[in-house]
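What follows is the residue order along each chain.
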Amino acid sequence: MALLPILHYPDERLHKRAKPVAVVDERIRTLVANMAETMYAAPGIGLAATQVDVHERVVVIDISEDKTDLRAFINPEILERRGEQTCEEGCLSVPGIYDTVTRSEWVKVRALNERGESFELETDGLLAVCIQHEIDHLDGKVFVEYLSQLKQGRIKTKLAKRARITA
Ligand code: K1U
Ligand code: ZN
């Protein structure tokens, strides 16, 4: 397995729209394993392939406390959504920045698993938030784009300053 480098906002590659996976094969299973290792090491509770500069529709999520509930979503689609919830979000591509975003409270998702089998999941709360956040990544959208232009500008300045200090 391998740790993959994570792109940082405002990298333009975070705005590419990912393409559907045609065949779930060993290449995709290796990508899922490497993404999971990268997510756990970060640490995070989700990761989209876009964030590791792979523009295919693959997401991994594990919201458990003890890292025992890894889920892979390949070609995920939201079939239905209900209600609203406001949650504080973070993003491994926007390190150290947290802010509130309003999203659907409940979603019904269809995706393929690592064996290429179709499954549907109805969920709410944090898992629903995380699925929506990760599908946004596949569509080229980063959570800070839900914030005001003023906040987005401040975040870009903060990250640019930090990048200069660590260079
Ligand atoms: O997609 C990502 O950048 C991962 C992101 C997922 C996410 C978090 C919160 C709300 C919506 C989506 C993260 O994992 S940020 C880090 C984080 O939330 C976390 C890190 C360690 C322990 C617990 C949570
Ligand atoms: Zn993110």
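Structure's up top.
Residues numbered from 1 in each chain as written. Chains lettered and ligands numbered in written order. Predicted model: local features only at pLDDT ≥ 70, side-chain atom pairs only at ≥ 80, totals over all residues. Heavy atoms only, no water.

Next up on the list: the side chain of Glu56. Mapped onto the secondary structure, Glu56 falls in the loop between strand 1 (46–48) and strand 2 (58–61). For Glu56, a relative accessible area of 17% puts it in the buried group. A polar contact of 2.9 Å, which involves the side chain of Glu56, links it to the side chain of Arg27. Residue contacts for Glu56: discarding those within four places in its chain leaves Ala18, Lys19, Val21, Arg27, Ile28, Ala49 and Leu138. (Helix = DSSP H or I, 4+ residues; strand = E, 2+ residues; numbered from the N terminus. Buried < 20%, exposed > 50% of the residue type's maximum accessible area, 1.4 Å probe, protein only. Polar contact = N/O pair within 3.5 Å; in protein donor to acceptor, adjacent residues only side chain to side chain. Contact = heavy atoms within 4.5 Å.)

Right, let's talk about the pattern of salt bridges for a bit. The final tally for this structure, using the stated rule, is 16 salt bridges. Among the ionic pairs, Asp136 bridges to Arg103, the shortest N-O distance being 2.9 Å. Here the residue Asp136 occupies a position in helix 2 (residues 125–138), and Arg103 occupies one in strand 5 (residues 99–103), the gap between them amounting to 33 residues. Owing to a relative accessible area of 12%, Asp136 belongs among the buried residues under this scheme. Using a relative accessible area of 7% as the deciding quantity, one classes Arg103 as buried. A salt bridge links Arg115 to Glu117, with the nearest nitrogen and oxygen atoms 3.2 Å apart. (Salt bridge = Lys/Arg side-chain N within 4 Å of Asp/Glu carboxyl O.)

Moving on to the packing of aromatic side chains. Under the defined criterion, the tally for this structure stands at 1 aromatic pair. Residues Phe73 and Phe119 carry aromatic rings whose centres are separated by 5.7 Å and whose planes lie at 50 degrees to one another, so their mutual orientation is tilted. Within this pair, whereas Phe73 is found in strand 3 (residues 71–82), its partner Phe119 is found in strand 7 (residues 118–124), the two being separated by 46 residues in sequence. With relative accessibility at 24%, the residue Phe119 sits in the partly exposed group. Directly above the aromatic system of Trp106 lies the positively charged group of Arg82, at a separation of 4.0 Å from the ring centroid. For the cation-ring pair, Lys141 lies above Tyr146, with the distance from its terminal atom to the ring centre recorded as 4.1 Å. (Phe/Tyr/Trp six-rings, centres within 6.5 Å; stacked < 30°, edge-to-face > 60°. Lys NZ or Arg CZ within 6 Å of the ring centre and 35° of its normal.)

This part covers a nonpolar patch on the surface. A cluster of nonpolar side chains, contributed by Ile45, Ile63 and Leu126, occupies part of the molecular surface with about 220 Å² of accessible area. Positionally, Ile63 belongs in the loop between strand 2 and strand 3. (Patch = residues over 30% accessible without salt bridge, like charges linked within 9 Å, V, L, I, M, F, W, Y side chains within 5 Å. Areas by Shrake-Rupley, 256 points an atom, 1.4 Å probe, with all protein chains shown as cover.)

A few words now on the pairing of strand 2. Neither face of strand 2 is exposed, since Val58 and Val60 on one face and Val59 and Ile61 on the opposite face are all buried. Taken together, the 3 bridges between strand 1 and strand 2 define a ladder with antiparallel strand orientation. Residue Leu47 lies in a different strand from strand 2, and its bridge partner there is Val60. (Pairing = 2+ DSSP bridges.)

Moving on, we get to the coordination of the zinc ion (ligand 2). Within the protein, Cys91 (SG), His133 (NE2) and His137 (NE2) serve as the donor atoms for the zinc ion (ligand 2), at 2.0 to 2.3 Å. Counting along the primary sequence, the residues that act as donors to the zinc ion (ligand 2) give the motif C-x41-H-x3-H. Note that Cys91 is positioned in the loop between strand 4 (85–89) and strand 5 and His133 in helix 2, a separation of 42 residues in sequence. Note on Cys91: relative accessible area 9%, which makes it buried. Taking relative accessible area as the criterion, His133 reaches 7% and is therefore assigned buried. (Donors = N, O, S within 2.8 Å, 3.2 Å for Na, K, Ca; no water.)

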